[in-house]
Amino acid sequence: MLLFVSVLLVASAFGQSTNNEVHQIQQKIHHEVTQLYHGADVNQNGEFDKGDMHSLFTKYDLNPKDGTVTKNEFVSSFAAANNLGGVASGLFLELDMDKSGGITDHDLNLFFAKIDTDDNGHVSKHEFVNYFNQLFTALLILSLNHPGAA
Ligand SMILES: [Ca+2]
Ligand SMILES: [Ca+2]
Ligand SMILES: [Ca+2]
């Protein structure tokens, strides 16, 4: 639902922005997503796999370390790790697939299946970059138009 609303807002925001602004935002997102992909392939095997996802999850599950990543845990670690702090809250909502208020193993499995768009059990770089480009574009435009909302 969030994503659907975001896409509508992106559509209207793009209508108001100049092509140049849109281009700059897209370049920034592409750069950040590429960086994110390199950081996300924790075990350096050339694809984003479930092992990587769990390594990242363990990094976020710090305070307390209880198998659930809360919004606070996620937002503070994510904002510290890259230049995408503005989308951290929106990304948390996306990752909390079952809307339980925290990210757990259950969410990670649902999320992995969502990014694996061709359903072959592997998330390729192409799938990863495509997914996060779209998501971050939506969240970033949302946060620019509605500071504090995303
Ligand atoms: Ca925790
Ligand atoms: Ca959850
Ligand atoms: Ca795939």
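Quick notes on the rules
- Starting afresh in each chain, residues are numbered from 1 along the sequence in its written order.
- Chain A is the first chain written and ligand 1 is the first ligand written, with later ones labelled in order.
- Residue-level local features of this predicted model are given only where pLDDT is at least 70; pairs of side-chain atoms are given and counted only at 80 or more, and the full residue set underlies all totals for whole chains, interfaces and linings.
- Computation of side-chain values covers all heavy atoms of the structure but excludes hydrogens and water.
- Every helix listed is a DSSP run of H or I at least four residues long, and every strand listed is a run of E at least two residues long, numbered separately from the N terminus.
- Contacts are assigned to residue pairs with any non-hydrogen atoms lying within 4.5 Å of each other.
- Note on areas: Shrake-Rupley with a 1.4 Å probe; residue coverage comes only from the protein chains shown.
- For Na, K and Ca the donor cutoff is 3.2 Å, while for all other metals N, O and S atoms count as donors only within 2.8 Å; water does not appear among the atoms, so some sites may look incomplete.
- For a four-donor site, all angles between 85 and 135 degrees give tetrahedral; for four or six donors, opposite pairs above 155 degrees with the remaining angles between 65 and 115 give square planar or octahedral; all remaining cases count as irregular.
- With a 1.4 Å probe rolled over the protein chains alone, any residue whose accessible area is under 20% of its type maximum counts as buried; one over 50% counts as exposed, and the rest are partly exposed.
- Here a helix's expected span is defined as the number of its residues, less one, multiplied by 1.5 Å.
- Nonpolar cores were defined as sets of buried Ala, Val, Leu, Ile, Met, Phe, Trp, Tyr and Cys residues, with membership established by side-chain atoms within 4.5 Å.
- Comment: arc refers to directions from the helix axis out to C-beta atoms.

**Student:** Give a description of the overall build of the chain that names residues and reports values.
**Tutor:** Scanning the chain for helices and strands turns up seven helices and two strands. Starting at the N terminus and walking to the C terminus, you meet the elements of the chain as α-α-α-β-α-α-β-α-α. Of the contacts made within the chain by residues no fewer than 6 positions apart, 50% connect residues no fewer than 24 positions apart. Split by element, the accessible area of the chain, about 8100 Å² in all, is 56% carbon and sulfur.

**Student:** An account of the coordination of the calcium ion (ligand 3) is needed here, citing residue identities and associated values.
**Tutor:** Each pair of donors in an ideal four-coordinate tetrahedral metal site encloses 109.5 degrees, whereas pairs in an ideal six-coordinate octahedral site enclose 90 or 180 degrees. Taken together, D116 (OD), D118 (OD), N120 (OD1), H122 (O), E127 (OE) and E127 (OE) make up the full set of protein donors to the calcium ion (ligand 3), lying 2.2 to 2.5 Å away. Here the calcium ion (ligand 3) binds six donor atoms, and the angle range of 53 to 155 degrees at the metal identifies the geometry as irregular. Positions of the donor residues of the calcium ion (ligand 3), expressed as sequence spacing, correspond to D-x1-D-x1-N-x1-H-x4-E. What makes D118 partly exposed here is its relative accessible area of 49%.

**Student:** Which residues make up helix α7 (residues 125-145), and what values go with them?
**Tutor:** With 21 residues, α7 should cover 30 Å at 1.5 Å per step; its first-to-last C-alpha distance of 30 Å lies within 8% of that length. Judged by how many residues are buried, α7 sits mostly within the fold: 15 of 21 residues are covered.

**Student:** Would you mind going over the nonpolar core in detail, with residue names and values included?
**Tutor:** Ranked by size, the top nonpolar core spans 35 residues in total, and within it F48, F74, F78, L91, F132 and F136 carry the most contacts. Secondary structure elements with two or more residues in this core: α2 (19-40), α3 (50-60), α4 (71-81), α5 (88-95), α6 (105-115) and α7. Tallying contributions element by element places α7 first for this core, with nine residues. Beyond its immediate chain neighbours, meaning those up to four positions away, L91 contacts F74, F78, F132, L135, F136 and L139.

**Student:** Can you tell me about α6, naming the residues and giving the values?
**Tutor:** When α6 is considered as a whole, its buried residues turn out to be D107, L108, F111, F112 and I115. Taken around the axis of α6, the buried residues stretch over an arc of 135 degrees, which confines them to a single face. Those residues of α6 that are buried lie in contact with α3, α5, β2 (102-103) and α7.

**Student:** Please give an account of the coordination of the calcium ion (ligand 1) that cites residues and values.
**Tutor:** Listed as protein donors to the calcium ion (ligand 1) are D61 (OD), P64 (O), D66 (OD), T68 (O), E73 (OE) and E73 (OE); their distances from the metal cover 2.2 to 2.6 Å. Seen from the calcium ion (ligand 1), its six donor atoms lie at angles of 51 to 158 degrees, and the figure they make is irregular. Taken in sequence order, the residues that donate to the calcium ion (ligand 1) follow the motif D-x2-P-x1-D-x1-T-x4-E. Of this pair, D61 sits in the loop between α3 and β1 (69-70) while E73 sits in helix α4; the two residues are twelve residues apart in sequence, bridging distant segments of the chain. With respect to burial, D61 and E73 carry one shared label: buried.

**Student:** Summarise unusual backbone geometry; cite the residues concerned and give the values.
**Tutor:** Omega for the bond connecting N63 with P64 falls within 30 degrees of zero, at 0 degrees, which places this linkage in the cis form. In this fold, P64 is placed in the loop between α3 and β1. In this structure, Q44 is a non-glycine residue whose phi angle is positive, near 55 degrees. Relative to the helices and strands, Q44 resides in the loop between α2 and α3. Residue Q44 is classed as exposed on the basis of its relative accessible area, which comes to 62%. Look at K99: it is not a glycine, yet its phi comes out positive at around 55 degrees. Topologically, K99 is positioned in the loop between α5 and β2.

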